[in-house]
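Here is what each chain is made of, one letter per residue.
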Amino acid sequence: MIQIGEYSLSLDRRENGSNIDFVSHAHSDHISAAKSSKRMLASGTTKDLLLAINEIEPQQDVGTPDFLKMINAGHILGSKQIVINDENAGTKMVYTGDFQMQKSRTCEKIEIENADTIIMDSTYYQPDVTFDDRAEVEDAIQYWTDLKLNDGIVLFGTYALGKAQELIAILNEKGILPVVSKKVSRVNRIYQKNGVKLDYASAYENNDDYHKLLKGNFVGVVENSLLNNMKITLSELYNKKVYTAVATGFAKMMKFNTDIQFPLSDHADFKQCMDYIDTSGAKNVLTYGSNRLDLAANLVDKGYNAMPYS
Ligand SMILES: [Zn+2]
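**Notes on the domain arrangement of the protein chain**
Consideration 1: The domains assigned to the protein chain are domain 1 (2-128 + 267-308) and domain 2 (134-262).
Consideration 2: The gap between the C-alpha centroids of domain 1 and domain 2 is 30 Å.
Consideration 3: Listed by partner, the interface residues are 18 residues for domain 1 and 22 residues for domain 2.
Consideration 4: Here domain 1 meets domain 2 over a buried area of about 1,800 Å², counting both sides, of which 59% is carbon and sulfur.
Consideration 5: Taken as a group, Arg105, Thr106 and Tyr124 account for 37% of the area that domain 1 buries against domain 2, more than any other trio of residues on that side.

Next comes the structure, spelled out in structure tokens:
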């Protein structure tokens, strides 16, 4: 918890005694404070997503104290970092939340401010895990999908919030209209409301395209938990080959039980973490999240002044 004057600020988790809870984005591992918070600080889009996916009703907006400011994190639609200006101490701190340095198709580009201290997410802490250029991964997804559609159904398993919309945008560029699950379509509607163009079909939106698409070979985009059952169901129902794929940064580190895996990440890798620190000019880094010890140690190895947040 961060204490500034009368304010106690929690960062993406529930903490006893906090009187402001910052929720950087709507992924489920960051929203534990959202339900019970008396004063939640989040972007309007994050609040819309919390309502659409988790049925968390937004509270009345009581404004943001002057010393706090939200800036874009580049992770998923509506994701924010928080800038904390402690005027009494004369210091400026930024908590990144989940962030990404490469611009994705379906969310705002990251903003980086000069700061004294960065509280940095530690999802990818390994110096030897390096994400490829996004355009190359996108080309590979488009090429493989096009090829496999010639003789079967293509099914992507992915996160329903963020990655699914990114995949749909990548496929749309090649004129492919994917069929999506109920959860993905619910998220899509929030993206569309925020001006992100997504073309897709869904059984849950009275969509004529849905029935037309199912007559030929088609692409499905569903959450990871549905992938295996959906593969079996579709191959029995249509008596066709069903090719499966995942799109996740973890494709760089582990083997998935699919025909192919694409390392499409909405997080920063270790190199991007260093780029972020260098750009911000920060002298101190506090690492945050479950890999904080490893990220801090690896940053110290590279000459940064880093330690785990506590
Ligand atoms: Zn996230």
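**Quick word on the environment of Tyr304**
Consideration 1: Looking at the element boundaries, Tyr304 is found in the loop between α8 (292-301) and β15 (306-308).
Consideration 2: The spacing of Tyr304 and Asp121 is 183 residues in sequence and 15 Å in space, taken between C-alpha atoms.
Consideration 3: At 2.8 Å, the side chain of Tyr304 forms a polar contact with the side chain of Asp278.

**A closer look at the pairing of strand β9 (residues 153-158)**
Consideration 1: Extensive coverage of β9 is indicated by the burial of 6 of its 6 residues.
Consideration 2: In β9, alternate side chains face the same way, and those of Ile153, Leu155 and Gly157 on one face and Val154, Phe156 and Thr158 on the other are all buried.
Consideration 3: As paired elements, β9 and strand β12 (residues 242-247) share 5 bridges and run parallel to each other. By the bridge assignment, Ile153 is partnered in β12 with Val242.
Consideration 4: Alignment of β9 against strand β11 (residues 219-223), held across 5 bridges, turns out to be parallel. By the bridge assignment, Gly157 is partnered in β11 with Val222.

**Some thoughts on helix α4 (residues 182-193)**
Consideration 1: Spanning 12 residues, α4 covers 17 Å between terminal C-alpha atoms, matching the ideal 16 Å at 1.5 Å per step.
Consideration 2: For α4, the complete set of buried residues consists of Val184, Ser185, Val187, Asn188, Ile190 and Tyr191.
Consideration 3: Along its buried surface, α4 packs onto α1 (44-54), α3 (163-173), β10 (179-180) and β11.

**Some words on the sheet that holds strand β7 (residues 91-95)**
Consideration 1: Read from one edge to the other, the open sheet built from 6 strands follows the order β5-β6-β7-β8-β14-β15, with strand pairing classed as mixed. Only two strands of the sheet have a single neighbouring strand rather than two, namely β5 (68-72) and β15. Looking at each pair of strands side by side, their axes are set apart by 20° on average, direction ignored.
Consideration 2: Sheet topology places strand β6 (residues 80-86) next to β7; 5 bridges connect them, and they run antiparallel. In the strand pairing of β7, Ile84 is matched with Met93.
Consideration 3: Contacts from helix α7 (residues 270-280) reach β6, β7, β8 (117-121) and β14 (284-288), with the element oriented near 160° to β8.
Consideration 4: Against the sheet, α8 touches β8, β14 and β15, its axis set at about 170° to β15.

**Considering the coordination of the zinc ion**
Consideration 1: Around the zinc ion, the donor atoms from the protein are His25 (NE2), His27 (ND1), His75 (NE2) and Asp98 (OD), and they sit 2.1 to 2.3 Å away.
Consideration 2: In this structure, the zinc ion is coordinated by 4 donor atoms arranged in irregular fashion, with angles at the metal of 91 to 166°.
Consideration 3: Within one chain, the residues donating to the zinc ion are spaced in sequence as H-x1-H-x47-H-x22-D. Here His27, found in the loop between β3 (20-22) and β4 (40-41), pairs with Asp98, found in the loop between β7 and β8; they are 71 residues apart in sequence, far enough to count as distant.
Consideration 4: Owing to a relative accessible area of 13%, His27 belongs among the buried residues under this scheme.
Consideration 5: For Asp98, a relative accessible area of 3% translates into the label buried.

The rules behind these values
- Residues numbered from 1 in each chain as written.
- Predicted model: local features only at pLDDT ≥ 70, side-chain atom pairs only at ≥ 80, totals over all residues.
- Heavy atoms only, no water.
- Domains from an automatic or database assignment.
- Contact = heavy atoms within 4.5 Å.
- Buried area = accessible area lost by both parts, 1.4 Å probe.
- Helix = DSSP H or I, 4+ residues; strand = E, 2+ residues; numbered from the N terminus.
- Polar contact = N/O pair within 3.5 Å; in protein donor to acceptor, adjacent residues only side chain to side chain.
- Buried < 20%, exposed > 50% of the residue type's maximum accessible area, 1.4 Å probe, protein only.
- Pairing = 2+ DSSP bridges.
- Expected span 1.5 Å × (residues − 1).
- Axes fitted to C-alpha atoms, helices over the stretch in contact; angles between N-to-C directions.
- Donors = N, O, S within 2.8 Å, 3.2 Å for Na, K, Ca; no water.
- Tetrahedral: all angles 85-135°; square planar, octahedral: opposite > 155°, others 65-115°.

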